[in-house]
Each structure stands twice: as structure tokens, then as C-alpha cells.
Protein chains: 2
Amino acid sequence: MSTEKIPYKIYLDESEMPKSWYNLRADMKNKPAPLLNPQTLKPMTAAELSGVFCEDLVKQELDNDTAYFEIPEEIRDFYKMFRPSPLMRAYRLEKKLGTPAKIYYKFEGNNTSGSHKLNSAIAQAYYAKKQGLKGVTTETGAGQWGTALAMACSYFDLDCKVYMVKVSYEQKPFRREVMRTYGASVTPSPSMETEVGKKILAAHPGTTGSLGCAISEAVEKAVTSDGYRYVLGSVLNQVLLHQSIIGLETKTALDKYGVKPDIIIGCAGGGSNLGGLIAPFMGEKLRGEADYRIIAVEPASCPSLTRGVYAYDFCDTGMVCPLAKMYTLGSSFIPAPNHAGGLRYHGMSSVLSQLYDDGLMEAVSVPQTAVFEAAEEFARTEGILPAPESSHAIKAAIDEAILCRENNEEKTIVFGLTGTGYFDMTAYEKFHDGKMSDYVPTDEEIAENISKLPKVN
Amino acid sequence: MSTEKIPYKIYLDESEMPKSWYNLRADMKNKPAPLLNPQTLKPMTAAELSGVFCEDLVKQELDNDTAYFEIPEEIRDFYKMFRPSPLMRAYRLEKKLGTPAKIYYKFEGNNTSGSHKLNSAIAQAYYAKKQGLKGVTTETGAGQWGTALAMACSYFDLDCKVYMVKVSYEQKPFRREVMRTYGASVTPSPSMETEVGKKILAAHPGTTGSLGCAISEAVEKAVTSDGYRYVLGSVLNQVLLHQSIIGLETKTALDKYGVKPDIIIGCAGGGSNLGGLIAPFMGEKLRGEADYRIIAVEPASCPSLTRGVYAYDFCDTGMVCPLAKMYTLGSSFIPAPNHAGGLRYHGMSSVLSQLYDDGLMEAVSVPQTAVFEAAEEFARTEGILPAPESSHAIKAAIDEAILCRENNEEKTIVFGLTGTGYFDMTAYEKFHDGKMSDYVPTDEEIAENISKLPKVN
């Protein structure tokens with residue numbers, strides 16, 4: 001294999017786009033722990049989940065055995081707007097770093113929502129439409145998921161109600177306009193529109209909100225509105241299933257050029273991107289067919305894998321959702337308001353939590369300023385302005401590439417570039433103006449939130 | 001040829017990217033009129049132009065005979081970050097419109113600057129670097145050109161000073177941060193940094209600026225600073241030369257599938273995109289090898305081709321630049337401040353002006369609200385959130401496709417989708433809130449500005 005032949009951008013043909021999603025759970029010996037009913041503490045049944053989620057998605061959520069789910073043709077048609085997404089060879093970054101490492105990144109920002117979230121949004125909208133629903137509710141933090149869902153709902157002519165974490169709503173007014181362009185309604189959370197929102201506002205007046213609050217509001221709205229269901233952009237098994245298309249395409253592109261990665265790196269908030277990117281590689285690892293170092297990168301200000309505990313916890317602040325077993329900082333944990341880098345969810349996908357607990361992947365946490373330094377270096381070298389979330393992976397990839405330089409090792413590194421930062425310029429502005437802080441939670445803060453975990457553990 | 005085989009996105013291989021730019025002027029019988037020295041009213045010599053522009057660019061500017069200019073390898077390397085750009089088949093839009101027309105669009109927004117401007121920015125930065133300059137100055141309106149130039153200068157480690165039209169500077173704070181991310185300095189124009197800026201501010205206190213003002217400031221800064229030259233993102237012959245890569249790729253992609261367009265549509269402000277997109281097609285037309293309908297689309301609020309005169313005029317408000325013969329509304333013309341759709345330059349590229357005057361292309365003007373309606377329809381159907389500028393072409397393409405439906409004609413329409421609208425959400429917000437106006441200049445306004453044309457005519 002001659003590396004000379006590898007182009008800057010590996011584009012697969014539309015005909016090479018995967019026709020099925022891959023369900024990593026099918027190959028896991030230790031299955032992810034089931035969602036529990038917060039009242040009975042028993043595993044949630046399909047019937048119970050169907051009040052909140054669409055029927056087909058409940059099936060996907062609960063199925064730990066089926067390895068492949070066919071992607072419906074309507075979804076594949078939509079995917080063709082922006083998929084297959086390019087796998088980029090970072091020749092310029094390699095040169096800039098003077099590293100013998102070969103760096104690749106799967107770029108998921110080449111669509112209007114600006115991130116990988118669209119992969120699952122269109123699937124969830126499709127199943128909602130198929131079920132004959134009027135619309136869906138959801139929450140959004142940085143706004144990527146909300147934008148993706150607005151696009152998907154517009155495509156299938158579904159109503160879309162988005163609860164947007166208040167701090168993001170204020171910092172990212174343009175995100176709201178993009179969602180409106182696609183016909184969605186956007187409410188800053190916590191709001192007075194829901195009982196849980198009113199309760200949270202009464203307890204914490206002036207709160208800037210959190211993903212956990214917004215989830216509670218969206219779920220309440222869904223279960224109290226006729227013809228609506230709730231959809232979620234991360235954490236859930238079904239989301240990781242849909243996102244497997246990222247990893248499947250990555251693997252197809254690498255295989256085409258005979259490239260076998262040594263290290264696979266992804267940023268991790270709730271786990272949607274990481275779980276999707278690593279899926280087929282982790283599958284090989286689980287089946288004993290290959291070995292890879294797999295690294296989850298999280299912000300030091302919201303370090304669920306590196307400083308949380310593995311336990312059952314609420315998925316939301318209002319405690320209206322089922323309990324999930326996951327690495328968590330406690331559902332009451334909210335990252336400091338100066339945290340601008342996204343990935344602010346208190347917990348981590350059950351699938352990834354189990355894999356991490358089984359020692360099948362590593363996790364590192366990185367401080368905010370270093371992330372933006374890496375982001376700026378990447379932008380100037382590779383030409384793509386990365387989302388702060390994605391920049392966590394960039395930072396870790398650069399660190400590994402520098403290690404390769406120091407040890408003179410020609411490793412192949414693949415990382416996920418989940419999205420672009422066009423709507424994150426307030427964060428970049430803070431960075432340019434030297435107003436970024438590297439605050440990390442104290443041990444006491446983390447212990448206090450963890451002490452509030454539900455008694456099931 | 002089976003249209004079934006045409007994918008949603010036609011991606012060329014990097015090896016299929018053009019190795020030369022095509023100079024349309026070589027095939028024009030009536031050459032574009034030369035730039036004139038505003039003092040002597042004689043054609044500007046290479047020596048005179050070299051005080052303002054880089055030497056190699058002066059050669060390209062003045063050469064009406066050489067048909068192809070080789071693209072230096074360093075520029076081609078940079079192009080590979082985002083080129084070849086995709087030619088998209090608008091299957092969804094065709095279906096939505098119920099038209100038998102086949103619609104294609106060349107999408108130039110797939111890069112961080114968000115538009116086609118990067119094609120010329122990197123070329124101009126390269127020649128500045130080659131000449132050993134310290135840096136370049138420029139103006140920017142919507143901010144696309146400034147962003148593109150900031151990226152290009154960062155790549156070649158050149159200083160970049162951008163004068164940004166004040167109204168855009170205020171409406172688009174995030175554009176400024178993107179430019180800063182790439183290391184550029186950005187000044188709202190008119191400013192107190194230049195003599196011409198001071199003069200304009202004294203005469204029009206509280207002005208929101210114009211491209212013409214910003215050009216004057218950038219030129220003054222370049223000619224009064226050691227080791228600096230001025231660069232421009234549109235209008236000039238050299239820019240159209242660089243942008244020919246858009247049309248060359250479009251033609252290669254269409255030829256690959258045996259598709260011959262009937263109508264080619266591009267938005268037109270200064271003419272950079274339109275001139276680039278149509279170059280090889282107009283070349284065939286000039287050589288009598290093929291015929292195409294070619295349509296320039298301009299905003300009704302800044303209608304240089306449809307309501308201007310063909311005459312020598314200043315390129316800038318401060319009258320420091322050479323005179324150019326072009327369709328113009330007068331260099332003192334400034335579109336109404338409620339105009340949010342870009343394309344706000346008072347004149348039009350000399351090349352395009354000559355072609356239009358020779359009857360080789362058509363022009364239409366479209367009102368603002370209709371443009372944003374088309375933009376939103378396109379976003380919801382094709383998934384790409386278009387820049388307001390690009391949306392002028394969308395509007396005209398939709399109109400032509402509807403005509404095809406009414407006349408049951410299976411025409412092939414190609415239009416240029418020059419960029420994305422992520423930084424234009426203030427304009428979209430106006431549209432959503434019903435605050436958009438369709439003001440067009442009165443005949444008296446236009447006549448008054450045209451009455452101030454220089455006496456050379």
C-alpha cells in the first residue's frame with residue numbers, strides 16, 4: 001500500500017454508503033444495563049417506553065442482540081444530502097506537528113446542522129412520521145441537536161418543539177434563527193411552559209439551565225401532549241445505533257486504502273459521536289478480530305468518565321426520565337457557566353460506560369483553554385473551524401501525534417471531527433479576549449452531587 | 001445517457017481538479033475596457049498598477065490574450081482542502097416544484113470561509129507571499145471575502161488588514177471572530193485610521209458604510225504602508241480568472257455524465273462568482289461551439305446591470321482607485337440600509353459588463369422578500385442554508401424551473417450556490433419577523449448618482 005495515493009479527502013460513492021446500522025451491543029459480552037422505571041426500579045418495558053418514545057425506536061433501544069438494522073430507504077435518501085461524509089487525511093497538521101504519525105479525521109460538519117447529530121435526527125423523525133405522530137419534543141444544548149432535528153422534522157413535515165438550555169439560547173441567538181428557518185419552535189429552558197420548569201425556576205431563580213433541565217421539560221411536554229413523543233440526540237442506545245454510520249463509513253474508507261488505525265479518538269458528552277465512530281472497530285475488538293486503542297475525550301469541567309462513578313442515575317434534573325446505569329457526576333451536576341466547550345451532560349451512554357468499565361476503552365479529560373488552542377491551530381492548519389466539542393478530540397489527537405514524534409512512532413490516528421464552530425464564535429471570542437477559564441469542579445462538588453444519586457445503587 | 005445514474009452529489013477526484021485557470025478574455029472579440037488612470041485618463045500601465053497590486057496579479061489583470069494560466073502547485077494543494085467542490089443534483093427541489101426541468105447547483109460553501117471567495121483569496125495571498133510582501137489590505141462587505149482572505153493569509157503567514165463595512169461589522173460580530181481566529185485585524189469602515197475614512201465620516205456622520213468606502217480605505221492603507229499591497233475579492237479581471245475554476249469543474253462534472261445545460265444562472269454583485277461559473281460555457285459560446293442562456297441575477301435594490309449605465313466610473317467612494325468601464329449606478333450609490341441580501345456593489349466587472357452589452361448574457365433583478373422565500377424553500381428542501389447572495393440565483397432558478405413546468409419543457413438548469421448563510425441569521429431573523437422591506441431605488445435616486453459619473457464618458 002502506498003500512502004502517496006491517499007488523497008486529502010476520501011469520498012466514498014453514494015453506492016458505498018452503508019445500508020444498515022451496526023448495533024454494537026450484539027457483540028458485547030457484558031450488555032449495557034437496562035433502563036429502570038424510577039418508581040418500581042424494574043427494567044422499563046417496551047410498553048412503558050412507548051409512552052415517551054416512538055415504537056420502532058423503543059425496539060431499537062431494547063434490542064441487545066440484532067447486529068444489523070436496515071436503514072430505511074427514505075432515511076438513506078436524506079443521508080445522500082451530506083453522506084457519505086469525507087474522511088480527511090490531515091497532511092498539513094502532520095507536517096505542522098513534525099510527526100511521523102498519520103492522522104485522519106472523519107468530518108461530520110458538512111451539513112447545515114453543522115454536526116453528526118443529523119444522522120440520528122432524521123432516523124428519529126422518520127419513525128415518528130411512520131407512526132403517524134403530529135410532532136416531537138426535544139432539548140438542545142449547544143444547539144446542534146435542535147438544528148438537526150428541526151431540519152429532519154421539516155423534511156417529514158412534523159412539528160418540532162425544542163427546549164434550549166438558556167445559556168446557549170442567549171449566547172447563540174443565530175441557532176434559534178436556523179431552527180426557525182426550518183420551522184421549529186424554540187423555548188429557553190427552564191421555562192414556565194412546564195410544571196418541572198416552574199419547579200426548577202422556583203428552586204433556582206436565575207439559573208442558566210442545563211441539559212438535564214431541558215430534557216425534563218421536553219419529556220413532560222411530550223407525555224402531556226396528544227400525538228407527540230420525545231426524542232433525544234445522545235446517550236440512548238438507539239442514537240448510538242444510528243450514529244454507527246460514522247464508524248462504518250470510516251472503516252470502509254480506510255479499508256479501501258488498506259489503512260488500519262492504531263488509535264481512535266472521539267469527544268464524549270453523552271456519547272453519540274464516540275459510540276458511532278468506534279462501533280465497527282470496537283466490534284472487531286469485542287470479537288477478538290483486531291485491537292485498537294480507543295480514547296474518549298471529555299472536558300475537565302464535566303468529567304463523567306474520569307471522575308464520575310458507575311451507577312444508576314437520573315438522565316434529567318427533574319427526575320422524570322427512567323434511570324440509566326452510567327458513569328455520572330450526579331444528575332444535579334451543572335458545569336460552571338464559564339464552560340464554553342459543550343459536552344456538558346452529567347452522564348455517559350450506558351453502552352460506552354459498560355465498555356469503559358470493562359477496560360475496553362480509555363478516557364482523558366482536557367482543560368478548556370488547551371482545547372481552544374488546539375482548535376485554533378487546527379483551523380489555521382487544516383482550514384476547518386471546528387466546534388468546541390470536536391476540538392476536544394483534536395486536542396487529544398495532537399497530544400498523541402506529538403508523543404509519536406517524541407517516540408518516533410509511525411502510528412495511525414483517526415479522530416472524529418463532529419462539527420463546525422460557526423455558531424460558537426462567542427466562545428472563540430472569550431478565548432481571543434483571554435476571558436476563558438479552566439475551572440474544574442472540586443472533589444467536594446463532585447462528591448456532593450454524587451451523594452444525591454438515587455437509592456437503587 | 002441515463003439520468004438514473006446521476007448521484008445527488010457529483011464529486012470529482014482531486015486528480016480531476018483543473019490545473020489551469022481559464023481566461024475568458026482571450027476568447028472575447030470585444031475586450032473589456034482597460035482601467036484608466038483617474039488623473040491622466042490614460043490606460044493604467046503595469047508600473048502604475050504595481051503600486052497597488054502584486055506584480056503577478058498585475059500581469060493577470062492586463063493580459064487579454066493568454067487563454068490559460070497554470071495554477072501554481074501551492075495553490076492547488078490548498079484547493080484540495082475543499083476542492084473539487086460538489087456539483088449537486090437538486091432532485092428534491094425538482095420534485096417539490098413538480099418541474100420536468102433538471103436542476104444542478106455548484107456548491108461552493110463547503111469550506112470555512114463559507115463561499116467561493118477562497119478560490120481567489122488563496123491565489124492573491126500566494127502571489128503576495130511570492131513577492132516577499134509583509135501583508136495585504138482589503139475590504140469586506142458581508143464578510144465572506146474577509147474571512148477567505150484571513151484564511152489564505154494565515155496559510156502563507158501574511159499579515160491581513162480588513163476594512164469591514166460598518167453595517168456588516170455590527171450585524172455580523174461573529175464574522176469578525178472568525179477572521180481573528182485566522183489572525184486578521186478587522187476595522188469597521190469608514191474609520192479614523194485613514195484620511196479618506198476621516199473625510200467620509202466628516203461628510204456623512206453616522207453612515208453605515210459601503211463597499212466603495214471600505215475599498216478606498218484599504219487602498220489608502222496599502223499604498224501608504226511599506227510592504228503591503230491591496231487585494232480585492234471581486235470585479236477585477238484577475239478575480240474572474242481565479243474563479244474560473246468553478247465553471248471548469250462544473251463543466252468537467254457535467255461532461256462526465258453527458259449533460260449539456262440549457263440555462264446557467266449566477267448571482268451578481270461585483271461578478272466574481274458569475275464570471276467564474278460561466279467562464280468555460282461563455283468561452284464555447286464566444287467560439288461558436290455551443291449556445292447557452294446565461295442569466296445574471298441582481299438585487300432589485302442594487303440593480304447595476306438592469307438599471308445602471310455602461311460607463312467609466314470610480315471603483316470606490318473615495319475616488320482613489322482607477323476608473324473602470326462597467327455597468328454602474330454611480331460610485332456614490334449606497335443601497336438602502338434595510339437591504340440585507342448582499343451584492344451591494346455599485347458596479348459590475350468590466351468583463352461581464354462587456355458581455356452583457358454585447359448581448360451575450362441576460363440580467364434580471366429580484367426583490368428581497370422573494371429571495372428569502374426562495375432561500376427558505378431551498379433550505380427546507382435541499383438541506384443547505386444558503387447565503388442571501390446565493391439565494392438570488394436560487395430565486396431565478398426556481399422561476400425558470402416553474403416556467404419549464406408551465407411550458408412542459410425538460411430544460412437543464414445549472415446555478416451557482418456560492419455560499420452558506422450561517423453568518424447571515426440577522427437577515428433571516430428580519431425575514432422571519434416580517435421586518436424585511438422591498439425598497440428599490442427610485443429613478444430619481446439612480447439618475448442623481450449617475451449624474452456624478454466622472455467626465456471621461
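Everything here concerns the structure above.
As the structure is a prediction and not an experimental result, all values here were calculated from the model.

(A) Spotlight on helix 18 (residues 443–450) of chain B. Residues and elements named next belong to chain B. Taken residue by residue, helix 18 has I446, N449 and I450 as its buried positions. Buried residues of helix 18 fall within an arc of 100 degrees about the axis and therefore sit on the same side. Residues of helix 18 that are buried sit in contact with helix 13 (304–307), strand 12 (309–314) and strand 13 (323–328).

(B) Region of interest: the packing of aromatic side chains. In this structure the tally under the stated criterion is 39 aromatic pairs over all chains. Plain terms: the ring middles of F78 of chain A and F82 of chain A are 6.1 Å apart, the flat faces sit at 80 degrees to each other, and that makes the pair edge-to-face. The class of F82 of chain A is buried, set by a relative accessible area of 7%. Centre to centre, the rings of Y105 of chain B and F415 of chain B are 5.4 Å apart; their planes meet at 25 degrees, and the pair counts as stacked. Here the residue Y105 of chain B occupies a position in strand 5 (residues 102–107), and F415 of chain B occupies one in strand 15 (residues 412–417), the gap between them amounting to 310 residues. For the residue pair Y105 of chain B and F415 of chain B, the accessibility class agrees, reading buried in each case. Members of the aromatic cluster, joined through ring pairs, are F78, Y79, F82, Y126, Y127, Y155 and F156 of chain A. Directly above the ring of Y169 of chain A sits R176 of chain A, whose terminal nitrogen or CZ lies 5.5 Å from the centroid.

(C) Layout of the sheet that holds strand 6 (residues 135–140) of chain B. Residues and elements named next belong to chain B. Strand order in the open sheet formed by 4 strands is 8-7-6-9, and the pairing between neighbours is parallel. Across the chains shown, the open sheet's two edge strands, defined by having one partner strand only, are strand 8 (185–189) and strand 9 (228–230). With direction set aside, neighbouring strand axes in the sheet form an average angle of 25 degrees. In this sheet, strand 7 (residues 159–165) lies alongside strand 6 in parallel orientation, the contact comprising 6 bridges. Its bridge partner being in strand 7, T138 is matched across the sheet by V162.

(D) Spatial organisation of the relation of the copies chain B and chain A. The transform that puts chain B on chain A rotates by 180 degrees and translates by 0.0 Å along the axis, for an RMSD of 0.0 Å. Both copies are brought into coincidence by an operation consistent with a two-fold rotation axis. In this assembly the copies share their binding face: 100% of the residues contributing to the interface of chain B also contribute to that of chain A.

(E) Main features of the interface of chain B and chain A. On the chain A side, the residues contacting the 45 residues of chain B number 45 residues. Contact between chain B and chain A buries roughly 4,000 Å² in total, counting both sides, with carbon and sulfur atoms accounting for 53%. Summed over the three residues of chain B that lose the most area to chain A, namely F174, T181 and Y422 of chain B, the buried surface amounts to 18% of that side. Remark: the boundary between chain B and chain A carries 6 salt bridges. One salt bridge connects R176 of chain A with E429 of chain B, and the closest N-O pair in it is separated by 3.1 Å. Where chain B meets chain A, there are 30 residue pairs in polar contact (both at pLDDT 80 or more). Breaking the side of chain B that touches chain A down by element, the ones donating at least two residues are helix 3 (73–79), helix 6 (144–156), helix 8 (173–181), helix 15 (368–382) and helix 17 (425–432) of chain B. With 6 residues, the single largest contributor to the side of chain B that touches chain A is helix 8 of chain B. Its residues assigned to classes, the side of chain B that touches chain A comprises 20 nonpolar, 11 polar and 14 charged.

(F) Broad picture of the environment of H432 of chain A. Note that H432 of chain A resides in helix 17 (residues 425–432). Here the alpha-carbon distance between H432 of chain A and E376 of chain A, two residues 56 residues apart in the chain, equals 9.9 Å. If near-sequence neighbours (up to four positions away) are discounted, H432 of chain A is found in contact with E376 of chain A together with E177, R180 and T181 of chain B. A polar contact of 2.8 Å, which involves the side chain of H432 of chain A, links it to the side chain of E376 of chain A.

(G) Local environment of the sheet that holds strand 1 (residues 9–10) of chain A. Residues and elements named next belong to chain A. A sheet is described by the order of its strands in space; here 7 strands give the open sequence 1-4-5-15-10-11-14, paired in mixed fashion. Since the sheet does not close on itself, it has two edges, and those belong to strand 1 and strand 14 (362–366), each with one partner. Where strand 10 (residues 263–267) meets strand 15 (residues 412–417), 3 bridges bridge the pair, whose relative direction is parallel. Bridging across to strand 15, I264 finds its partner in V414. Helix-sheet contacts for helix 12 (residues 272–286) involve strand 10, strand 11 (293–299) and strand 15, and the interaxial angle to strand 10 is about 160 degrees.

(H) Focus on the nonpolar core. The biggest cluster of nonpolar side chains holds 139 residues, and the ones touching the most others in it are W21, I265 and F415 of chain A together with W21 of chain B. Those residues in contact with I265 of chain A, other than ones at most four positions away along the chain, are L277, I295, V297, A393, A396, A397, E400, I413, V414, F415 and G416 of chain A.

(I) Seen up close, unusual backbone geometry. All names here are of chain B. Residues R83 and P84 are joined by a peptide bond in cis, for which omega reads -10 degrees. Structurally, the position occupied by P84 is in the loop between helix 3 and strand 4 (87–89). Of note, the amide linkage connecting S189 to P190 takes the cis form, showing an omega dihedral of 5 degrees. We note that V235 has phi near 65 degrees; this positive angle belongs to a residue other than glycine. Mapped onto the elements, V235 comes out in the loop between strand 9 and helix 11 (237–256). Of the residues examined, V235 reaches a relative accessible area of 9% and is grouped as buried.

Scoring rules and cut-offs
- Residues numbered from 1 in each chain as written.
- Chains lettered and ligands numbered in written order.
- Predicted model: local features only at pLDDT ≥ 70, side-chain atom pairs only at ≥ 80, totals over all residues.
- Heavy atoms only, no water.
- Buried < 20%, exposed > 50% of the residue type's maximum accessible area, 1.4 Å probe, protein only.
- Helix = DSSP H or I, 4+ residues; strand = E, 2+ residues; numbered from the N terminus.
- Arc of directions from axis to C-beta.
- Contact = heavy atoms within 4.5 Å.
- Phe/Tyr/Trp six-rings, centres within 6.5 Å; stacked < 30°, edge-to-face > 60°.
- Lys NZ or Arg CZ within 6 Å of the ring centre and 35° of its normal.
- Pairing = 2+ DSSP bridges.
- Axes fitted to C-alpha atoms, helices over the stretch in contact; angles between N-to-C directions.
- Least-squares fit on C-alpha atoms with pLDDT ≥ 70 in both.
- Buried area = accessible area lost by both parts, 1.4 Å probe.
- Salt bridge = Lys/Arg side-chain N within 4 Å of Asp/Glu carboxyl O.
- Polar contact = N/O pair within 3.5 Å; in protein donor to acceptor, adjacent residues only side chain to side chain.
- Nonpolar A, V, L, I, M, F, W, Y, C, P; charged D, E, K, R; others polar.
- Core = buried A, V, L, I, M, F, W, Y, C linked by side-chain atoms within 4.5 Å.

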